[in-house]
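Per-entry structural report
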Amino acid sequence: MSATRPILDLFRDHRRSFEDNHYVYAVISRRSRGLSVGINLNPDKACNFDCVYCQVDRRNPPQIREVDLTRLRLELEEMIGLARSGAVFELPRFRHTPVHLRRWNDLAISGDGEPTAAREFLEAVRLIVEVKRKHQLDGIPILLLTNATLLHRPQVQQALSLLDENEGEIWAKLDAGTTDYYHEIERTSIPFERVLDNLKQAAQHRPIVIQSLFLRWRGQAPEAREIEAYCQRLREIVEAGGQIRLVQVYTVARTPAEAEALPLNDAELESLAHIVRLRTGLLVEAYPGG
Ligand code: SF4
């Protein structure tokens, strides 16, 4: 086994499960450069996308369907204790974590689906903010990982305002530049225009991070015209007065929903990131191998 193997395994281990927890988990995240404490608001695995590369295992029915906020609070308090003290790195799953990644970076609202679609989303954000304040977790941002389809909903807007006041940041998915490719990869009936409008709106109110997964789908890497269209979509957000703090470009790293969804190799991903950098002038980071 190579010396880097345990580190790669750590990055690939994105199980949204932790001990007996229902909602709160921990992962070592390359994109966060450290420990990320995740909050899964979709134990029912429901999503309004059906991405070809999705890593959520939907073959087995969910054991839990509701978000029990009392339990979520208990799990979050316990995990904060482990993360803060560093005790989390003594657990078998994390004991290979290299020194430079032994830092707690963020709280991440995520899910085995789209977190903003959860009925309890607003209440859960209130709870997370309250716990963050109680523990004085200044410097630990609250990331919202979202496909941006529902950011226009009044309840979600309320939650975004709360996040804005509490070191929140939107990490929004954008995997395509053209409508056809968007529907091919995300397999949703939600119009691409709605996602783009929501991204513009969100970025006009605060800087956002764009997360883009590019892959080899049915033997084909994204065509040059798709990447050009994608760059154009990013430019349109900026031209509309939006701020994009960072573009994260990555690829398939874990078992995807469809066997024909394969990763780009490192050189392909680096070259794609280079093109996006040149064509948009934005800060772009590539995460080869996921
Ligand atoms: S948006 Fe996320 S959870 Fe939903 S299908 Fe796509 S990858 Fe899976």
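Quick caveat: nothing in here was measured; it's all calculated off a predicted structure.

The rules behind these values
Residues numbered from 1 in each chain as written. Predicted model: local features only at pLDDT ≥ 70, side-chain atom pairs only at ≥ 80, totals over all residues. Heavy atoms only, no water. Domains from an automatic or database assignment. Contact = heavy atoms within 4.5 Å. Buried area = accessible area lost by both parts, 1.4 Å probe. Salt bridge = Lys/Arg side-chain N within 4 Å of Asp/Glu carboxyl O. Polar contact = N/O pair within 3.5 Å; in protein donor to acceptor, adjacent residues only side chain to side chain. Helix = DSSP H or I, 4+ residues; strand = E, 2+ residues; numbered from the N terminus. Phe/Tyr/Trp six-rings, centres within 6.5 Å; stacked < 30°, edge-to-face > 60°. Buried < 20%, exposed > 50% of the residue type's maximum accessible area, 1.4 Å probe, protein only. Lys NZ or Arg CZ within 6 Å of the ring centre and 35° of its normal. Pairing = 2+ DSSP bridges. Near = heavy atom within 4 Å. Nonpolar A, V, L, I, M, F, W, Y, C, P; charged D, E, K, R; others polar.

Turning our attention to the domain arrangement of the protein. On domain assignment, one finds that the protein holds domain 1 (1–170) and domain 2 (174–290). The C-alpha centroid of domain 2 is placed 22 Å from the C-alpha centroid of domain 1. Of the residues lining the interface, 25 residues belong to domain 1; the matching set on domain 2 comes to 37 residues. Surface buried jointly by domain 1 and domain 2 totals about 2700 Å² across both partners, of which 49% is contributed by carbon and sulfur atoms. When the area that domain 1 buries against domain 2 is broken down by residue, the three leading residues are Arg31, Val52 and Tyr53, summing to 32%. Across the domain 1-domain 2 interface, the total number found is 4 salt bridges. The residue arginine 206 makes a salt bridge to aspartate 164 at a minimum N-O spacing of 2.8 Å. Across the domain 1-domain 2 interface, the total number found is 18 residue pairs in polar contact (both at pLDDT 80 or more). Elements that contribute at least two residues to the side of domain 1 that touches domain 2 include exactly α1 (5–12), α4 (154–164) and β5 (168–173).

So, about the packing of aromatic side chains. What the rule picks out here adds up to 3 aromatic pairs. Here the aromatic rings of phenylalanine 214 and tyrosine 230 are separated by 5.0 Å at their centres, their planes lie at 90 degrees, and the arrangement is edge-to-face. Placement of phenylalanine 214 in the loop between β6 (208–213) and β7 (215–217) and of tyrosine 230 in helix α7 (residues 224–239) is noted, with a sequence separation of 16 residues between them. By relative accessible area, phenylalanine 214 is classed as buried at 0%. An aromatic cluster is defined as three or more aromatic residues linked by ring pairs; in this entry it consists of Phe49, Tyr182 and Phe192. It is arginine 31 that lies over the ring of tyrosine 250; its NZ or CZ is 3.7 Å from the centre.

A few words on the pairing of β6. Of all 6 residues making up β6, 6 are buried, and the element is well covered by its neighbours. Of the two faces of β6, both are covered, the one formed by Ile208, Ile210 and Ser212 as well as the one formed by Val209, Gln211 and Leu213. Two elements, β5 and β6, share 3 bridges in a ladder whose sense is parallel. Across the sheet, residue lysine 173 finds its bridge partner in β6, namely glutamine 211.

Right, let's talk about the pattern of salt bridges for a bit. For the structure on display, the rule yields 20 salt bridges. Arginine 59 is paired through a salt bridge with aspartate 57; the nearest N and O atoms lie 3.0 Å apart. For arginine 59, a relative accessible area of 72% corresponds to the exposed category. For arginine 126, the salt bridge goes to glutamate 123, with nearest N and O atoms at 2.5 Å. With arginine 126 and glutamate 123 both in helix α3 (residues 121–134) and 3 residues apart, this pair spans about one turn of that helix. For glutamate 123, a relative accessible area of 39% translates into the label partly exposed.

Near the ligand you find Cys47, Phe49, Asp50, Cys51, Tyr53, Cys54, Arg58, Gly113, Asn147 and Lys173, and these make up its full shell. Counted by class, the shell around the ligand contains 5 nonpolar, 2 polar and 3 charged residues.

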